[in-house]
Amino acid sequence: MSEAPASKIRIDKWLWQARFFKTRSLSAKVVSGGSCRVNGTPVAKPAFMVAPGDVLTFSKEREVRVIKVLALGERRGPAPEAQALYEDLSPPEPKSGEDVPPIRRLEGNARPTKRDRRKLDLDRRREVE
């Protein structure tokens, strides 16, 4: 009696196997919380079945992840094995140093006076306008 490989797997189990969440109960909690979508359709049950080709959208640590399922895992393996299960479609996050103007330091004291602070605030408002 040989079993054919499953063509679908529970969403909470797949998220756990792909190493997006540390425990399966944590992945089930995220799905149950209603912050998960499969192909644009909201999913609220951890037993929802996903297959290769499905696009998952879920929130994790203050960011939204968009993932395309490429394969179904058989176990929770090492990170390289888990990364082969999906393709990340999320737009790349800007690095912390990009698009942030450098902080202007004032001469002398490192801390601005109240008058200097007001001047800095006015300058920043003018830059925004």
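To be clear, the structure that these remarks concern was listed above.
Fair warning: this is a prediction, and the values are worked out from it, not measured in the lab.

### Quick notes on helix H4 (residues 114–128)
Because each turn of an α-helix spans 3.6 residues, side chains separated by three or four positions end up pointing in the same direction.
1) Next: Its 15 residues place the ends of H4 21 Å apart at the C-alpha level, agreeing with the 21 Å of an ideal helix rising 1.5 Å per residue.
2) Next: Little of H4 is tucked away, with one of its 15 residues classed as buried.

### Describing the pairing of strand S5 (residues 55–60)
1) Next: Pairing of strand S2 (residues 36–38) with S5, which is carried by three bridges, proceeds in the antiparallel orientation. Pairing of Arg37 across the sheet is with Thr57, part of S5.
2) Next: Sheet topology places S5 next to strand S6 (residues 63–69); six bridges connect them, and they run antiparallel. Each residue of the ladder has a partner; that of Phe58, found in S6, is Arg65.
3) Next: The turn linking S5 back onto S6 is made up of two residues, and Glu61 within it adopts a positive phi angle of 50°.

### Considerations on the sheet that holds strand S3 (residues 41–43)
1) Next: Spatially, five strands are ordered S3-S2-S5-S6-S7 in an open sheet, and the strand pairing comes out antiparallel. Looking at the sheet topology across the chains shown, the edges are occupied by S3 and strand S7 (86–88). Here the strands of the sheet are splayed against their neighbours by 30° on average, with no regard to which way each runs.
2) Next: Bridging between S2 and S3 involves three bridges; their strand directions are antiparallel. Opposite Val38, over in S3, you have Thr41 as the bridge partner.

### Some thoughts on the environment of Ile11
1) Next: Tracing the backbone shows Ile11 in helix H1 (residues 11–17).
2) Next: Considered as a pair, Ile11 and Cys36 are 25 residues apart in the sequence and their alpha carbons are 9.6 Å apart.

### Some thoughts on the pairing of S6
1) Next: Across three bridges, the pairing between S6 and S7 is antiparallel. Counterpart to Val69 in the pairing with S7 is Tyr86.

### Some thoughts on the side chain of Ser27
1) Next: You can see Ser27 is positioned in helix H2 (residues 24–32).
2) Next: For Ser27, the side chain forms a polar contact with the main-chain oxygen of Asp12, separated by 2.9 Å.
3) Next: Every residue in contact with Ser27, bar those within four places of it in the chain, is listed here: Asp12, Leu15, Trp16 and Phe21.

### Side note on H2
1) Next: All of the buried residues in H2 are Ser27, Ala28, Val30 and Val31. All buried residues of H2 project into a common sector of 160° when viewed along the axis, lining one side. Pointing more than 90 degrees away from the buried face of H2 are the exposed residues Ser25 and Lys29.
2) Next: The elements touched by buried residues of H2 are H1, S2, S3 and S5.
3) Next: Following H2 by one or two positions, Gly34 has its phi on the positive side, about 85°.

Each value, and the rule that gives it
Residues numbered from 1 in each chain as written. Predicted model: local features only at pLDDT ≥ 70, side-chain atom pairs only at ≥ 80, totals over all residues. Heavy atoms only, no water. Helix = DSSP H or I, 4+ residues; strand = E, 2+ residues; numbered from the N terminus. Expected span 1.5 Å × (residues − 1). Buried < 20%, exposed > 50% of the residue type's maximum accessible area, 1.4 Å probe, protein only. Pairing = 2+ DSSP bridges. Axes fitted to C-alpha atoms, helices over the stretch in contact; angles between N-to-C directions. Polar contact = N/O pair within 3.5 Å; in protein donor to acceptor, adjacent residues only side chain to side chain. Contact = heavy atoms within 4.5 Å. Arc of directions from axis to C-beta.

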